[in-house]
Each structure stands twice: as structure tokens, then as C-alpha cells.
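Take a look at the letters that make up each chain.
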Amino acid sequence: MPLGGPEVESELEAEKTLRQDLRNIAIIAHVDHGKTTLVDALFQQSGIYKDHQQAVDRAMDTNDQERERGITILAKCTSVKFGRHTLQIVDTPGHSDFGGEVERSLRMVDGVLLLVDAAEGPLPQTRFVLRKAMELNLPCVVAINKIDRGDARPEEVLDEVYDLFIELGADESQLDFPVLYLVARDGLATLSPNEVGRDLQPLVKTILEAVPPPADETAEPFCMQANSLAYDDYVGRLVIGRVLSGQIVIGQNVAVMDGEGGAKQARVSGIFSFHGLQRINHEIARCGDIVAVAGIDDVSIGDTLCDPEHHRTLPRIQVDEPTVVMTFQINDGPMAGRSGKFLTSRQLRDRLYREAFANVSIRVSDGETPEQFRVMGRGDLQLAVLIESLRREGYELCVRKPEVLTRWGEQGKEEPVERLVIDVPPEHMGAVSDALGRRKANMLDQRQDGSRMRLEYRIPTRGLFGLRSQLLTVTRGTALQHSIFDGWVPWAGPLPKRLNGALVSDRLGKATPYALFHMQPRGVLFVRPGTEVYEGMVVGEHCRENDLNINAVRPKKLTNVRASGKDEATVVSPPRLMPLERCLEWVEDDEMVEVTPDAIRLRKRILPANRRSIIRGAKKH
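Residues numbered from 1 in each chain as written. Predicted model: local features only at pLDDT ≥ 70, side-chain atom pairs only at ≥ 80, totals over all residues. Heavy atoms only, no water.

**Student:** Just give me the short version of the overall build of the chain, but keep the residues and values in it.
**Tutor:** Helices and strands together make up the secondary structure of the chain, namely 15 helices and 36 strands. Over its C-alpha trace the chain gives a radius of gyration of 28 Å, about what one expects of a compact globule, namely 25 Å for 621 residues. If you line up the chain on its principal axes, its C-alpha atoms span 115 × 60 × 55 Å. Residue burial in the chain is summarised as follows: out of 621 residues, 52% are buried. Within the chain, contacts between residues separated by at least 24 positions form 71% of all contacts whose residues are at least 6 apart in sequence. Total accessible area computed for the chain in this model is approximately 29,400 Å², and 49% of it derives from carbon and sulfur atoms. Of the charged side chains in the chain, 79 are positive and 91 negative; the average position of the first set lies 10 Å away from that of the second. (Helix = DSSP H or I, 4+ residues; strand = E, 2+ residues; numbered from the N terminus. Rg over C-alpha atoms; globule rule 2.2 N^0.38 Å. Buried < 20%, exposed > 50% of the residue type's maximum accessible area, 1.4 Å probe, protein only. Contact = heavy atoms within 4.5 Å. Areas by Shrake-Rupley, 256 points an atom, 1.4 Å probe, with all protein chains shown as cover. Lys, Arg positive; Asp, Glu negative; His and termini not counted. Charge placed at Lys NZ, Arg CZ, Asp CG, Glu CD.)

**Student:** Which residues make up empty space enclosed by the protein, and what values do they have?
**Tutor:** Counted under the stated rule, the structure contains one cavity of 30 Å³ or more. Taken as a whole, the largest cavity encloses approximately 40 Å³ of empty space. The wall of the largest cavity is formed by C77, T78, S79, Q88, F274 and I290. With three residues, strand β2 (residues 76-82) is the largest single contributor of residues to the lining of the largest cavity. Considering only residue class, the lining of the largest cavity consists of three nonpolar, three polar and no charged. (1 Å grid on protein atoms, 1.4 Å probe; cavity = no way out; pocket = protein on both sides within 12 Å on 5 of 7 lines; lining within 4 Å. Points joined across faces, edges and corners; volume = space filled by probe spheres on them. Nonpolar A, V, L, I, M, F, W, Y, C, P; charged D, E, K, R; others polar.)

**Student:** Account for the pairing of strand β5 (residues 140-145), naming residues and giving values.
**Tutor:** The element β5 is largely enclosed, with a buried count of six among its six residues. Because side chains alternate across β5, one face comprises the buried residues C140, V142 and I144, and the other comprises V141, A143 and N145, equally buried. Pairing geometry for strand β4 (residues 111-117) and β5, over six bridges, is parallel. Across the sheet, D117 pairs through a bridge with N145, a residue of β5. The handedness of the β4 to β5 crossover, carried by helix α5 (residues 124-135), is right-handed. When β5 meets strand β6 (residues 179-183), the two strands line up parallel, connected through three bridges. By the bridge assignment for β6, V142 is matched with V179. (Pairing = 2+ DSSP bridges. Right-handed = clockwise from strand over helix to strand, strands pointing away.)

**Student:** Would you mind going over the environment of G111 in detail, with residue names and values included?
**Tutor:** In this fold, G111 is placed in strand β4. Taking C-alpha positions, G111 is 18 Å from T36, a pair spaced 75 residues apart along the chain.

**Student:** So, the packing of aromatic side chains: which residues are in play, and what are the values?
**Tutor:** One pass over the structure, following the stated rule, counts five aromatic pairs. Here the aromatic residues Y162, F165 and F177 are joined through ring pairs into a cluster of three or more. Against the face of F272 rests R279, its NZ or CZ located 5.5 Å from the ring centre. Above the ring of W586, the side-chain terminus of R498 is found at 3.7 Å from the ring centroid. (Phe/Tyr/Trp six-rings, centres within 6.5 Å; stacked < 30°, edge-to-face > 60°. Lys NZ or Arg CZ within 6 Å of the ring centre and 35° of its normal.)

**Student:** Summarise the environment of V249; cite the residues concerned and give the values.
**Tutor:** The residue V249 is located in strand β11 (residues 247-249) in this model. Here V249 is in contact with V268, I271, E283 and I284, once residues within four sequence places are set aside.

**Student:** Break down the confidence of the model for the chain for me, with residues and values.
**Tutor:** Of all residues in the chain, 93% have pLDDT values of 70 or greater, and the mean over the chain is 85. For residues 1-15, every residue scores under 50 in pLDDT, and the model assigns this stretch three contacts once sequence neighbours within four places are set aside. (pLDDT = per-residue confidence, 0-100.)

**Student:** Could you give me a rundown of the nonpolar core, with the residues and numbers involved?
**Tutor:** With 39 residues, the main nonpolar core has V90, L106, V112, L114, V142, I144 and F165 as its most contacted residues. Apart from residues no more than four positions distant in its own chain, V112 is found in contact with I25, A26, I28, L106, A133, L138, P139, C140 and V141. Ranked by size, the runner-up nonpolar core spans 32 residues in total, among them V324, F328, V375 and A502. (Core = buried A, V, L, I, M, F, W, Y, C linked by side-chain atoms within 4.5 Å.)

**Student:** Outline the side chain of S361, supporting the account with residue identities and numerical values.
**Tutor:** Counting through the fold element by element, S361 comes out in the loop between α9 (345-358) and β20 (363-366). With a relative accessible area of 3%, S361 lands in the buried category. Within the structure, S361 has its side chain in polar contact with the side chain of N359 (distance 2.7 Å). Separated by 2.9 Å, the side chains of S361 and Q382 make a polar contact. In this view, S361 contacts G100, V319, P322, M376, G377, R378 and Q382; residues no more than four positions away in its chain are not counted. (Polar contact = N/O pair within 3.5 Å; in protein donor to acceptor, adjacent residues only side chain to side chain.)

**Student:** Before we move on, could you go through the pattern of salt bridges and cite the residues and values that matter?
**Tutor:** Summed over the entire model, instances satisfying the criterion amount to 41 salt bridges. For the salt bridge of D445 with R447, the shortest nitrogen-to-oxygen distance reads 2.8 Å. Using a relative accessible area of 28% as the deciding quantity, one classes R447 as partly exposed. Salt bridges sharing common partners tie together R498, D547, D590, E591 and K604. (Salt bridge = Lys/Arg side-chain N within 4 Å of Asp/Glu carboxyl O.)

**Student:** With reference to specific residues and values, describe the packing of helix α11 (residues 429-438) against helix α12 (residues 467-474).
**Tutor:** One way to put it is that α11 packs onto α12 with a least axis distance of 10 Å and a crossing angle of 155°. By the angle class used here, α11 and α12 are roughly antiparallel. Where α11 crosses over α12, the two elements pack in a sense that is right-handed. Seen from α11, the contacting residues are A431, V432, A435, L436 and R438; seen from α12, they are L467, Q470, L471 and V474. Counted by class, the contact of α11 with α12 contains seven nonpolar, one polar and one charged residues. (Axes fitted to C-alpha atoms, helices over the stretch in contact; angles between N-to-C directions. Parallel < 35°, antiparallel > 145°, perpendicular 65-115°, else oblique. Left-handed = near helix turned anticlockwise from the far one by under 90°.)

**Student:** Lay out the sheet that holds β4 with the relevant residues and their values.
**Tutor:** Pairing within the open sheet is mixed, and its seven strands lie in the order β2-β3-β1-β4-β5-β6-β7. The sheet terminates laterally at β2 and β7 (188-190), the two strands that pair on one side only. Neighbour-to-neighbour, the strand axes of this sheet turn through a mean angle of 30°, independent of strand direction. The sheet strands contacting α5 are β1 (22-29), β4 and β5, and the helix crosses β4 at an angle near 165°.

**Student:** Kindly report on the pairing of strand β12 (residues 253-257), identifying the contributing residues and their values.
**Tutor:** Taken across its five residues, β12 has four buried, putting it largely inside the fold. Where β12 meets strand β13 (residues 263-267), five bridges bridge the pair, whose relative direction is antiparallel. Opposite M257, over in β13, you have A263 as the bridge partner. Linking two consecutive strands that pair antiparallel, namely β12 and β13, is a turn of five residues; a positive phi of about 90° is found at G261 within it.

**Student:** Outline the packing of α9 against helix α10 (residues 380-393), listing residues and values.
**Tutor:** One way to put it is that α9 packs onto α10 with a least axis distance of 12 Å and a crossing angle of 130°. Classified by the angle between their axes, α9 and α10 sit oblique to one another. In this structure, α9 meets α10 at a crossing whose hand is right-handed. From α9, L348, R351, L352 and E355 reach across to α10, where they touch L386, L390 and E393. Residues that form the contact of α9 with α10 fall into these classes: four nonpolar, no polar and three charged.

What follows is the structure in C-alpha cells.
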């Protein structure tokens, strides 16, 4: 009998079945609570940067839009090494509109690190990402970040985190989570809010203790699920996922099992792991590794890669249903084709279906005409990011007003509802309550956090369209709002629309200072002098509720009579800036947003003014 008896032998045997040197963990949090900043600090303290290399700020935000918006849009994999242990990390988005990325990413890990801001506490997206982790029964490590803030309240925030766990139905084992206190920006972690941290070693040690190591089933037949897809210019399509059992080597034949039970054969041409900011080539990957596999072209999200002689089909990745739909169509305006490379409906259709192929939370269907397509997603932000991506790739298109998807349930027609949290100074509470009351929002909670009030509502998703701009106006830019999908409710009836009409150009040409100067009393302008306009293009917001056709290209008549010194100066006020998200909030049913690589314009769906008048008269009749 070996030294130590049968108990020691069984413990040693159990250790052999686990990869003690490896931990797979996802970092989840609300937007701007410090996920990407924490990964930066882990990079620096793990030594991935050479002496001659400069540390990169927000290194995991590799997408241009992520850096511009300051949010994580795509889930990304990386790894860092501390001693003999390797942490494979998945940086997930914090916004619920990109929840499909979260749901796919959590399938690859054995635990989660939940970051919560020490001042703001748990917010709607905190609830969303934590609920997804608890549904998969993943152990959780809680880190309260930004304890160096002047308004930090770590003890109260910890109580709110416990309340959130209990509200989501956590059991005793899930409530027994370790807690750390971080200043992720400086790379500091402690076990007490009253201590001063020196580095992130307490965090690393806690993760190694709380997150179980993956089971080592290398001797079993190979199996892996396609959790994400990527593309490389040199090796082609990449399938990203975690090796759940067995091992995979270059040149190996694998079976691709789709959702209908069909099997296709493929051959592995490359295996890559993620370390820091690099993608490293390997000859072999073992059970527990998160890798990207090349050579498998005909694959979809959720497909199972397995040994050809041992077919196995894993449960498909289930994501929440989309709640918002928008109609995309080709650009048929007078300025179409001036700056874009992809102009036809076939090109737009192929690109949209490719997006739906790689993103399970987006769905695409054909519209009423061959030039139209219905794109469904989690929210208007997700669709705005898609539109901006198409614009930067060289596509020209028009998009209509966002609409909510409805369904028929036990109570008849139902629509999605959101849980909305608003932080606002106390002096603006009346204006906020008035704006939300008209949108049929019901207050759930109201409390004071420091010098600000936190208001919690339940509001139909339709009520959020255009709400952000209105709240920024009535609160002088001081309101902060966050929302998350919260189920379905009976149809709430009509909601108030935009109060003001549009100033619409009635002819083609360049806007002149003289014409715009005389239009300023009629409303707010969206264009500046010299902007090319056309008939049916919206150039401003009318001060009244009706639309007004205007001549925005009228020049000043010149005569040979000398002007007197009392002539009024032609001074045009700066126009209101209308970025893409604000345009999507502003448009009504009879309007569209024209998106091209070099411009974003507002326009009427029917351009000729006489045709719009005929249709408007017919509707009244």
C-alpha cells in the first residue's frame, strides 16, 4: 500500500483528473465599472509586456467603436500567467444589448468575477450579467472596484450586492462568495476596504481558490462547441471555443454536428491560443484550453466539433429573444452612390445575413419589397452599432424608425418592458417624473445616493425611444439612465410621439446663409451653410407640430443699389448636432435616416412634396 493510506491515494487520483495549473474565468460587470481596465492591470503585472514595449491603455478594446464609445461590444479571450498558473480570461460586454456575447462567453468558463462600482453599486446590467452566471451555476468572486473615489461607499454596496443575490434566488452556497476591494486603474487589490493594496496578488490568489480547475478529460474523445466565430486574412474562418474533452491536433479530421443532427467533415489546419494581446500558434490543444481553430469553414454558432467516430451533439446556445426591429433598405435618394462602395440590395442582404450568421442575438428576414430587410436585435444600441459598422465598411443604406416586437400571450397582445434606473439631482426629479409619466412608466423605487436621487421605473420599451435626449434636455445634461429587458406586459396603448414637426427642403442645391438665417425663427436647424440638400431632406425641427416645406437654397438678390449700414447681418447659429443614435431617436414613421460613409442625413420616406401632400390629404379624408 502506498505511503499515506487509501485516503491519500484517492486524493492524489482526484488531483490527476483536474488541470490544477489552469483557471477559466469571465469578467462581468455593468458598463464602465472597470472590466477592461482590470485586464490592463493584469497584463502589466503578469509581465506580458517586454521592457521595450509600451503598455496599451484599454488593450482589449480593439474595435474602433469600442474605443470611441468607451464600452465593450465584443467578448474577447486572453490569458495571463502568474507563476505556474494560467488564467484564461473572457472580457464580456456590460450592456444588455450585447447580451448574446455574454451568454456565449459564459459557456467557456468555470467561474465569474463580478465587478461593482464602489459608488454606483449594482445597476441594471449588473443584474443581467449576474443572472446569466447564476443560471449556469457558476461560482462567483465579487470585487468592489474604485474604492478610491471620493463618494465610494463599499460597505453599503456590498449589502446591495447581497440583496441582489437574494433577489435573484441565490442559495447558501452562492451567497458564500469571497469579496475583494480594488482600484483596478492602479492595479491594487485588498481583502478589506480599510487596507492599502500593493498589487493584484490577493485577487489572483482568491480566483485560484474560488474557481474550480477544469476537469482533465484528455483521454476521452474530442469535443468542442463553437461559441464564437472570427476571420483572419491568412488562415480564413476561425472557430473559437473551449475544448470540453479529448485533444485536437493540426491535421486532425473532425465532425461538425449542426442543430438538426447532420454531420459534416472538416480538417483542422491551425490551432491558436490567446495570450495577452497575441494569438499563438500551437500544434495541439488539450481539454480545458480556450482556442481558435482554423480550417473549418462550414460552421455556425452553437455547432459541435467532435471526433468523427464518436458523434456528440451539445445543447444549442440559447439567447434571449430580440425585442426591437428596424427596416433596412437600399439608399434611393438623389445623392446615392457618391461615397459608398456597396449600393445594391444583394450586397446589403449578404452582409446582413453574414452578421446574423456570426451573432446569434441578431435575426434578419426579408421585408415587404426586395430592397427591404427586417433586422431584429436586443435594443436600439445594438442595431446602431451594426449600422455604424456598415457605414464604415462602405455601405449606403436607409433605416426606418425602431419598433418593438410584440407577441400574443395569455393576456392578448403583449410588448416588452424594461427596468429603468435614473440617477438625477433632486432639483430635476419633477421634470423627470413628468416625462416618464407621459410614457406610461411605473415607479418601483426611489432613494437618495449621496447628493443624487436614484429612481427605478418599469417602462414599455417603446417609451425609451427618444427618452435619453429628452431627459438630457430637461435635466440640463445631468441625468444618467440605464435599462434592461424585464419581461412582457399587456400592450400599453398609444404613447406620445415627437411634439415638433420637421423643416423639409423643397428643392435640390446648397444651403445658403441667407436662407438659413431667415429660417431660424421657424425652428432649430440641423445643417450649416454650404451643405448639399435635396427635396424631401429634413434640415431642421419645426417649432410647431406640423411639417414645413422650406427653400433652404434661396440666395440673396443682388442689385446695383448700395446697401445702407442698417442692413441686418446674416449670422447663422450653429446647427444642432445629430449623430446616428440621436437621428434614430428623432425620426417618426414617415421619415428615415440615410447613412453613407461620409454623411448621415434625415429625410422623408416619400421625397416629392406634392406626393406627400396628396397622401396626407387622403389619410385625413
